[in-house]
Every structure is written in structure tokens, then in C-alpha cells.
Amino acid sequence: MDASLFTSMLFATVVAGTPLIIVALGLLVNEKAGVLNLGAEGMMAMGAVAAFAVTHHSGSPWLGVMAGMAAAMAVSLIFGFLTLTLQANQVAAGLALSIFGVGLSAFIGKPFESIALPAVPPIRIPFIADLPLIGEALYNQQALVYLSWALFWVVVWFLYRSRAGLVLRAVGESPASAHAIGHPVILIRYLAVLFGGAMAGMGGAFLSVFYTPMWVEGMVAGRGWIALALVVFATWRPLRVMIGAYLFGGVMITQLFIQGSGMQLDFPAQFLSSLPYWATIIVLVVISRNVNTIRLNSPMSLGKPYRAEG
Amino acid sequence: MLRLEPRPEASRLMSYLSPLLAAVLTLMAGMAVFSMLGKDPVEGLRLFLLNPVKDLYGVSELLLKATPLMLCAIGLAVGFRANIWNIGAEGQFMLGTVGATGVALYFQESDSSLILPTMVFAGALAGAAWAAIPALLKTRFNANEILVSLMLVYVAQLFVSWLVFGPWKDPDGFNFPQTAMFGDHALLPVLVEGTRLHFGFLIALTALLAGYAFMNRSYTGFKMRVAGEAADAARYAGFSANRMIWIGLLTGGAAAGIAGMCEVAGPMGQLTDKVSLGYGFAAIIVAFVGRLNPVGILFASLLMALLYIGGEQVQQYMNLPSSISLVFQGLLLFFLLGSDVFIHYRLKFGRATA
């Protein structure tokens, strides 16, 4: 493999992994508080369409990103209300959110199909972008790529170094104990759901404004679900979320490069396109094989409704 | 101040009323959506609810749409009752279309009356085989069936796309992504002259009966209900969790596969890359709204079919995207989950008493 191919593949891998990192880190915080939100796909779709629409009208990708985050937070609030206030089943409410979000985004996005946004220029970090091989790939990237790295550090710091993070994890492990020592369990879970929504919205916005600057129905293409799988794969640890996201980005990009290379292959393009989905299944199998890994690492109250007694 | 007070025991009445309440709330939300879009809400509702069923043909179209929903939902309900979350019925449906289409294309020239039964069997088998993947990975490796079955939906979609763009493409089809039309003996007979309502509707009704017999009258069905409602009790009684996972997923897969067969051998008459309109996902909502109960599923699938057809109507007459149906589907499930709070809680005015 020659150097320029390596650089461009690394560049593309980082780009493809970025939305997954952002969304999966949001879901990680969400799940650390004990709430399983299967609505990621719908929230990403909402984020993508809102970001696209606002960017198109305002001309500002940053307003777009904010709109995407706001839209996804708004729908995540429906999920929060159902599961946290009304004690609804989290699996069912998450599925409803996915269906609703995908449907509503398709509905809103109809007039925007066949419009392309101008590409947002990358931000070049002086000096280190000149490094051989990796410089162009890592340090001449979209702002959101750098932001995803910052987000990683913030999430690590928050979960493991801050008092608020400790409380959040306590709420996820044992809501009853957290409640007993005076922490507002439901409020904390609401905030976690909103954070998960905001990150899913940002991930969606990255897709429609930066990655492929256009809106197509179904463009999220399962990334919300893959992000959910990533959190399991990472056994609820931020660093592994990051590594996993880039591995997935790598799988997605490799198949695209093979398809685009004009190589004569014995198998069809659709099989290559299905690789990321198979990869998701395989990593789930590998990581779940040991029941104890999951049991030890998953937040104890994950997916269980909680209602304060008395 | 309003507050929720736990009921001493779950209200049976509310568990039946809550889907109705959800349907009414969805309609009200629908009217609000139409007003927000600057459309006449009454006209919108008329298009959604009444226009589709204003004559015999309309009713037959409604039953036609309800057929795949009923089939998929009753299969899913078997698993859902035991808390086995197969959400990949959409993919199993597509594999069903592939299995059935394979048989139809292979015996294109034949006029044997065995073709249709073989197609049903092949559809069920293919759907079940697709569902066997999450079942195997769940029982053998503890892999989450929600994520695995969902990932396989995308794979199934790509598989169908490969078939209709590649080896199964109709050589005389002007390069459209579709197979040749099936022979007459591979098409399900029409039930009512002049409509598209086909024999698959009767298959779906039979499936509802079979689902009832299995869930409410068989020992295995009883065990699965126990596992769903009281997992600890089921474990203590020594019911095999793995066996239930297999039964739950295979039943769901087979039923969705038959639904797929009915679609290609019914209204479509061929396989295309747009063979499913999200029936597998809508069926999840149907199963919930129908309270995982065959009679409930019958009514819920009719309601859902109405939402589908209504979506096409407002697209045609009001120039709104048909994805509005998906919005209403999601709303319906939201409202159902919200209304369900009244099964376990009642609304009280005033402050909590100690």
C-alpha cells in the first residue's frame, strides 16, 4: 500500500468513526445512568434533518449542528417522559422513538432531498498537519472530529474524575441507594437522556452537514444501532468506545475503498456493503460470549424502571 | 396537584382501554399535525380514516394491507410474551420473499398445484432460518437478540437488492431491479372478484387462531408466558430459557417469512428491491397495541393498515409525504406506552397522604 493511499484511508476512517464516537459516548453516559435508549437511530435521523434544514436556510453549519442537537434532545425528552415519569418499558419506548424519529425526519426532509450543501472546509492544525503519513489524515480534519476527541476526554473526566459522574454512576448501579442518600434519581436520569439525545443529534448533524452534505431518507443507515452495539462491545468503557468506533469506521471505509478501486472481485458490492453489519454482529458475539464480562461491566439497573418509594 | 398513585393490582380494564385511548390520542395528534401544516384537519382525518374504507374495494385493500401486519405481529407476540425481543421481523419478512421467489422462479414453467404450498413452506423456512441466527447467537453466545436481529434487517435488504439487481433480474425487465413476474400457479388466488384481496388473508386469520391455541392453550405457551411475566418463577420451575428463545424467534421468523411469501405471491407477483414497506417494524407496534393477544392484533393490524393507506391518500390528495404514516405509527406507540401508566397507577388529585 503506498503512502498516499494509507493517508487517505486513515483520513476516511477517522471521518467515518467520528459520528459513531459522538453518538456512542452519549449513549454510554445515558446507560451509565441506568437508562437504555434504543431510540438512537431516530434521534440521529432527527439531528441530521434538523441540522441540514437549518444549515441550508441560515448558511451556518454551526447553527445547523445546534439545531440538530436541539431536535434530538426534544425527541429524547419524549422518551424520558415515558420511561422516567410514566415508567414505560425502555425497550418499547426506545423502539417507538426510532420509528417516530426516522418517520418524522423523512417527513420533514422531503423538500430538502436533492439539495446539496456546500462542503465545510476542514481546519488545518499548523505544524502537526505536516507530519508524514498521519498529519494530513488526523490534523486536517473537520472541527467536529477534534470536538469528538475533546468529548472523549470530557466524558472520561466526568465519569471517573468528577463528583457528578460518580453520582451518575451510582444512579445507574443502584438507584434505590442513590435515592436514599438524597440524590434526585429521576432528574439525573433525565439529564443523562438529554445528553444522550444531544450527542445523537450532533452525530446526525455530522452526517448530513459535514460527512455527506445532503439529506437522503434513511441516510443514518443503522449507525444509531451500531453505536448502541459499540457501547456493549466497549463493555461501557469510553476508551474502548473510541477504539471500537474507529475499527468500525475502518470496516466501512475498507469496503468503500474496495468498491471504488475498480478491483475485479468475485463477489458483489452488496456483500461488501453488508460488512459493517456483520462486523457488528461478530463483535457482539465475541464480547458477549463471556456472560460475566457483560454482567460485571454493565450498569446494574440498566433498562429497569425506577420509582422512588415514599 | 395531579399525581400518580400505585394501584394495589394491575387494572385489567385499563389494559384493554389503553389501546383505545392511544388510538384516540393519535387521532387528535393527527388533527393537530394537519392544522400545523395548514391543512384542514377534518378533511385530513376523513382522508385518513373514512376515504380508504368508503367502498368494498377500499375495505378489501385494507384487509390486504392488514395481512402481512397480522402475520408478522402474531409471530412476534409469541416471542414478546416471553420477553424475547425479535425486532428483525422486517429482515425475516424479506428472506421469506426470497425463499418464495426462489421456488416460483425455479418452477416458472410448471403448473403443479404444489407450487404455492411449497412457496409458503420455503418462505417460512427462510424467515425462520434468518431468525435462527439471533437465536443461535443468543443461546450459544449470549449476544443481544435486539441488536443482532436488527443488523440482519440491513443485511437482508442488501441481499434482496443483490438478487434483483443481479442473478434474479428479469432479463426482459428493461433493467429494472425486479424479477420476472411469477407464473399463474405461483400466485395466490384472489378471494373477492375485482379486488386484490388474496388467499393470504385466510392464512393470516389461521395464524391468529394458531397463535391463540399456542399461547393460551398449550403448555409450552403457558411456560413462555410465565417466563415473560415472572422470569424468576420460570427459572425456579426449571423451564429451559434457551428452548423459549428458539421457539420465540423461530415462530416470529417463520410467520414473517410467510407474510413475505404472501406479499410476493399476492399483490406484487414478483420480487423487487422495495418489497417491504416497513411491515416488520410496524408489526412490532401492532403486537404491542394488540396487547400481544390474537384478537387485539386483528384490530390493531386493521388500524395500522388504515394508517398505511391513509398515508397514501394524503400523499395523493394533500401532497404530503407518505412518511406521515410512520410519524403516526410512532405516535401511536408513544401514546400506548403513555396510556399504559394507568394500568399500574391511577391519577389522583391533591397531595400524597402519608
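Residues numbered from 1 in each chain as written. Chains lettered and ligands numbered in written order. Predicted model: local features only at pLDDT ≥ 70, side-chain atom pairs only at ≥ 80, totals over all residues. Heavy atoms only, no water.

- By the naming in an unreviewed UniProt entry, chain B is ABC transporter permease, taken from Parazoarcus communis SWub3 = DSM 12120.

- Per an unreviewed UniProt entry, chain A goes by ABC transporter permease and derives from Parazoarcus communis SWub3 = DSM 12120.
- According to UniProt, the comment filed for chain A under the heading Subcellular location (unreviewed entry) is "Cell membrane". (UniProt positions renumbered as here; feature names shortened; annotations may be inferred.)

Things to note about the overall build of chain A
And step 1. When helices and strands are tallied, chain A shows 14 helices and two strands.
And step 2. Relative to the globule expectation of 19 Å for 310 residues, the C-alpha radius of gyration of chain A, 20 Å, shows essentially globular dimensions.
And step 3. Over its C-alpha atoms, taken along the principal directions, chain A stretches across nearly 65 × 45 × 45 Å.
And step 4. Per-residue burial over chain A gives 58% buried out of 310 residues.
And step 5. On chain A, roughly 12400 Å² of surface is accessible, and the fraction owed to carbon and sulfur atoms is 71%.
And step 6. Across chain A, 14 positive and 10 negative side-chain charges occur, with their mean positions spaced 16 Å apart. (Helix = DSSP H or I, 4+ residues; strand = E, 2+ residues; numbered from the N terminus. Rg over C-alpha atoms; globule rule 2.2 N^0.38 Å. Buried < 20%, exposed > 50% of the residue type's maximum accessible area, 1.4 Å probe, protein only. Areas by Shrake-Rupley, 256 points an atom, 1.4 Å probe, with all protein chains shown as cover. Lys, Arg positive; Asp, Glu negative; His and termini not counted. Charge placed at Lys NZ, Arg CZ, Asp CG, Glu CD.)

With respect to helix α4 (residues 90-109) of chain A
Think of an α-helix as turning once every 3.6 residues; residues three or four places apart then point the same way.
And step 1. Helix length check: α4(A) (20 residues) gives 27 Å between terminal C-alpha atoms against 28 Å at 1.5 Å per residue, within 8%.
And step 2. Among the residues of α4(A), the N-terminal cap falls to A:Asn89, whose side-chain oxygen and the backbone nitrogen of A:Val91 are separated by 2.7 Å. (Expected span 1.5 Å × (residues − 1). Polar contact = N/O pair within 3.5 Å; in protein donor to acceptor, adjacent residues only side chain to side chain.)

Some words on helix α11 (residues 279-289) of chain B
Residue and element names in this part refer to chain B.
And step 1. Of all 11 residues that make up α11, 10 are buried, and the element is covered over most of its length.
And step 2. Among all positions in α11, only Tyr279, Gly280, Ala282, Ala283, Ile284, Ile285, Val286, Ala287, Phe288 and Val289 are buried.
And step 3. Just beyond α11, the residue with positive phi is arginine 291, at close to 60°.

A look at the packing of helix α3 (residues 56-81) of chain B against helix α10 (residues 241-268) of chain B
All names here are of chain B.
And step 1. At their nearest, the axes of α3 and α10 sit 6 Å apart, and the two run at 170° to each other. On the basis of their axis angle, the class for α3 and α10 is roughly antiparallel. Contacts from Leu64, Pro68, Leu71, Cys72, Gly75, Leu76, Val78 and Gly79 in α3 reach Gly248, Thr251, Gly252, Ala255, Ala256, Ile258, Ala259, Cys262, Glu263 and Pro267 in α10.
And step 2. Among the residues forming the contact of α3 with α10, the class breakdown is 12 nonpolar, five polar and one charged. (Axes fitted to C-alpha atoms, helices over the stretch in contact; angles between N-to-C directions. Parallel < 35°, antiparallel > 145°, perpendicular 65-115°, else oblique. Contact = heavy atoms within 4.5 Å. Nonpolar A, V, L, I, M, F, W, Y, C, P; charged D, E, K, R; others polar.)

Section: the nonpolar core
And step 1. One finds A:Trp225, B:Met119, B:Met304 and B:Ile324 to be the most contacted residues of the largest nonpolar core, which totals 219 residues.
And step 2. Filtering out sequence-adjacent residues up to four positions away, B:Met119 remains in contact with B:Ala100, B:Val103, B:Ala104, B:Phe182, B:Ala186, B:Met261 and B:Ala265. (Core = buried A, V, L, I, M, F, W, Y, C linked by side-chain atoms within 4.5 Å.)

Some points on the interface of chain A and chain B
And step 1. Opposite the 44 residues of chain A that make contact, chain B presents 42 residues.
And step 2. For the pair chain A and chain B, the summed buried area comes to about 3800 Å², and 85% of that belongs to carbon and sulfur atoms.
And step 3. It is A:Ile99, A:Phe107 and A:Gln270 that lose the most area in chain A upon contact with chain B, and together they represent 18% of the buried surface on that side.
And step 4. At the boundary of chain A and chain B, one finds zero salt bridges.
And step 5. Linking chain A with chain B are six residue pairs in polar contact (both at pLDDT 80 or more), by the criterion used here.
And step 6. Elements with a contribution of two residues or more to the side of chain A that touches chain B: α3 (61-85), α4, α10 (223-233), α12 (269-273) and α13 (275-288) of chain A.
And step 7. Per element, the largest residue contribution to the side of chain A that touches chain B is 12 residues, and it comes from α4(A).
And step 8. A breakdown of the residues in the side of chain A that touches chain B according to their chemical character gives 30 nonpolar, 10 polar and four charged. (Buried area = accessible area lost by both parts, 1.4 Å probe. Salt bridge = Lys/Arg side-chain N within 4 Å of Asp/Glu carboxyl O.)

Notes on the side chain of A:Gln270
And step 1. Tracing the chain through its elements places A:Gln270 in helix α12.
And step 2. You can call A:Gln270 buried: its relative accessible area is 15%.
And step 3. The residues contacting A:Gln270, other than those within four sequence positions of it, are B:Leu158, B:Ser161, B:Trp162 and B:Phe165.

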